[in-house]
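Observations on the model geometry
Spelled out, the chains give:
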Amino acid sequence: MAYENIRLDTEGAIAVLTIDRPKALNALNTQTFLEMESALLLLPSQVRVLIVTGGGDKAFVAGADIAEMATIGSAQAREFSALGHRVMHLLERLTIPTIAAVNGFALGGGCELALACDLIYASEKAKLGLPETGLGVIPGFGGTQRLARTVGKMRAKELIFTGERLDAAKAREIGLVLEVLPADQLLAHCKTVAGKLIKNGPMALSQAKRVIELGADQDLRTANELESQAFGVLFGSEDQKEGMKAFLEKRPAVFSGR
Ligand code: CAA
C-alpha cells in the first residue's frame, strides 16, 4: 500500500511512524487510519521500538477529522469509532514498546493516539486535551477510558467536561506526559530512550508490556499470577539464558529475541 497520509521510517531496530497531513494538522480521517493499520500490521520484523509523531511543526495530531465527521450519522459514527479503536488496540497490543513524541497539538483523537502508546514525551510547545464536548460529542477512540486509567478518573472527568487544553508542563504535572523537551530535542530524546530499550531483552520487554497491560484490569492476585506465568515463560527463552550468562561473564548481552 502506498501511503499518502503517513510515513514509516526505519533506522535499524527503531521505526518512526509519522502522521503526515500537516495541512489538516494531521487530523485522523478514515484513509489515515487505514494506512496506519496497514503500517502497524506490516512492521518490519527487525523493529524493536516504534516512535509515533506528527508531521510539520505545529501538530502531533489535532484530532479526528472534523470535516469528515461533520455530516455523518449515528451508524457511520459508530463505524468510525470502531475503526479508531481497532487501530489504537493494534498499537497498544504491539509486542514492542511504543513511544509518542508529542510535537505540538495533541487534541481529541491525537491525545487518544498518544494514550495508546506506552510512553509519552512532549515538546515545550505541545498542547494536549480532549475538546470533544465542545463539539457536542465525546472522545471516540478510547479517550474516556485510557485517560482515566492514566491520570485518574476525576482528572479525566475534569479534562473531558471542560475540554481544556493543557500545556506540556501541566500535562507533565498530572502524569499525562513523562518529560518535556525543547522542540528541537524531542525526537532525539525519544530515540535515546528507544536506544536504551533495544539493549534489553525483547522477550522480556514484550512480556513486561503484556503483563502490565493485562494486569491493570485484574485484581492483584490474578495480575500477580499473570506475572508468575510470564516469569516462567521467560526462563524457557534464549534471551534469559544469554542475559544471565552475559552477566556472569561480565559482558554486554546479545539478545536474539527468542
Ligand atoms: N479536523 C479537520 N481539520 C482540522 C482539524 C481537525 N481535527 N484540526 C485542524 N484542522 C484544519 C483546519 O480546519 C485548518 O484547515 P484550513 O487551513 O483548510 O482552514 C488547518 O487544519 C489549520 O488549522 P487552524 O487554522 O484551525 O490552525 P490554528 O493554529 O488556528 O488552530 C487548533 C489550531 C487549535 C489545533 C485548531 O485547528 C483546532 O481547534 N482544531 C480542532 C481540535 C479538535 O477539536 N480536536 C478534536 C476533534 S474531535 C475528535 O477527535 C473525536 C474523537 O475522539 C473521535
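Below, the structure is looked at part by part. Everything numeric here is computed off the predicted structure, so don't read it as measured data.

Describing the site of the ligand
- Not every one of the 23 residues close to the ligand is listed here, only the nearest: Lys58, Ala64, Gly109, Glu112 and Glu132.
- Within the backbone of Ile66, one N or O atom sits 2.9 Å away from a nitrogen atom of the ligand.
- In this structure, Glu112 approaches the ligand through a side-chain N or O atom, which is 2.7 Å from an oxygen atom.
- Taken by itself the ligand offers 980 Å² of open surface, and the protein chains cover 63% of this.
- Where the shell around the ligand is concerned, the elements lending two or more residues are helix H2 (66–69), strand S6 (105–107) and helix H4 (109–115).

What to know about the pairing of strand S7 (residues 119–123)
- Counting buried positions along S7 yields four of five residues, so the element is predominantly enclosed.
- Bridge count between strand S5 (residues 98–102) and S7: four bridges; the pairing is parallel. Following the sheet pairing, Ala101 is matched in S7 by Tyr121.
- For S7 and strand S10 (residues 179–181), the ladder comprises three bridges, and the chain directions are parallel. Note that in S10 the partner of Ser123 across the bridge is Leu181.

What to know about the sheet that holds S5
- Spatially, S1-S2-S3-S5-S7-S10 is the arrangement adopted by the six strands of the open sheet, whose pairing is mixed. Looking at the sheet topology across the chains shown, the edges are occupied by strand S1 (6–11) and S10. Taken pair by pair, the neighbouring strands of this sheet meet at an average axis angle of 20°, ignoring direction.
- Relative to the sheet, helix H8 (residues 186–197) contacts S1, strand S2 (14–19), strand S3 (49–54), S5, S7 and S10, its axis offset from that of S7 by approximately 155°.

Brief notes about the nonpolar core
- Ranked by internal contacts, the top residues of the largest apolar core, which has 49 residues, are Leu50, Val102 and Leu176.
- Those residues in contact with Leu50 that sit more than four places away from it in its chain are Leu8, Ala15, Leu17, Leu40, Leu43, Leu91, Leu94, Ile96, Pro97, Thr98 and Ile99.
- If you look at the next biggest cluster of nonpolar residues, it comprises 13 residues, including Tyr121, Leu181, Cys190 and Val193.

What counts and what doesn't
- Residues numbered from 1 in each chain as written.
- Predicted model: local features only at pLDDT ≥ 70, side-chain atom pairs only at ≥ 80, totals over all residues.
- Heavy atoms only, no water.
- Near = heavy atom within 4 Å.
- Polar contact = N/O pair within 3.5 Å; in protein donor to acceptor, adjacent residues only side chain to side chain.
- Areas by Shrake-Rupley, 256 points an atom, 1.4 Å probe, with all protein chains shown as cover.
- Helix = DSSP H or I, 4+ residues; strand = E, 2+ residues; numbered from the N terminus.
- Buried < 20%, exposed > 50% of the residue type's maximum accessible area, 1.4 Å probe, protein only.
- Pairing = 2+ DSSP bridges.
- Axes fitted to C-alpha atoms, helices over the stretch in contact; angles between N-to-C directions.
- Contact = heavy atoms within 4.5 Å.
- Core = buried A, V, L, I, M, F, W, Y, C linked by side-chain atoms within 4.5 Å.

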